[in-house]
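Listed below are the residues making up each chain.
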Amino acid sequence: MPNRHRGEIAAELGGQQRTLVLTLGALAELESAFGADDLVALAERFGSGRPSARDLTRIIAAGLRGAGEAITDDEVAVMTVDGGVAGFVKIAADLIAATFDDGVAR
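This section reports on the structure supplied with the text. Each chain carries its own residue numbering, running from 1 in the written order of its sequence. The predicted nature of this model means local features are confined to residues of pLDDT at least 70 and side-chain atom pairs, given and counted, to a pLDDT of 80 or more, with totals for whole chains, interfaces and linings taken over all residues. Calculated side-chain values reflect all of the structure's heavy atoms, with hydrogen atoms and water omitted.

For this document, the term salt bridge refers to a Lys or Arg side-chain nitrogen within 4 Å of an Asp or Glu carboxyl oxygen. Counted by the stated rule, this structure contains seven salt bridges. Measuring nitrogen to oxygen at the nearest pair gives 3.3 Å for the salt bridge that ties R6 to E8. Exposure classes here rest on a 1.4 Å probe applied to the protein chains alone. A residue is buried below 20% of its type maximum, exposed above 50%, and partly exposed in between. Judged by relative accessible area, which is 55%, R6 ranks as exposed. Under the relative-accessibility criterion, E8 is labelled buried at 15%. A salt bridge links D94 to K90; the nearest nitrogen and oxygen atoms lie 2.7 Å apart. Of this pair, D94 and K90 both sit in helix 5 (residues 85–100), four residues apart, roughly one helical turn. The class of D94 is partly exposed, set by a relative accessible area of 27%. Several salt bridges converge on common partners, so that one network encompasses E29, R54, R65 and D73. Numbered from the N terminus, helices here are DSSP runs of H or I no shorter than four residues, and strands are runs of E no shorter than two.

Following this line, the structure appears as structure tokens:
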């Protein structure tokens, strides 16, 4: 069962319930992929509200790898989720919120 306090989320991807987490290694991978100099720049990019399909694929794949799955970006790109593109956006947004949330109730 995913632990939100560790930044983990659960999501159904490709017909399977999976756990995703952006570990430090996964975040470093995303910094490199997005050309971000640091975590602040990465968080600002995520906060732009204008993700590309490639952004979603990278974020979700990094989250799956962070949780221990041996999966490529290309394998994630062909997965399906309920809600189509909006479903992918929700998964990525939930993962980012779980990673960067300061725990303060809003």
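What follows continues from the structure just given.
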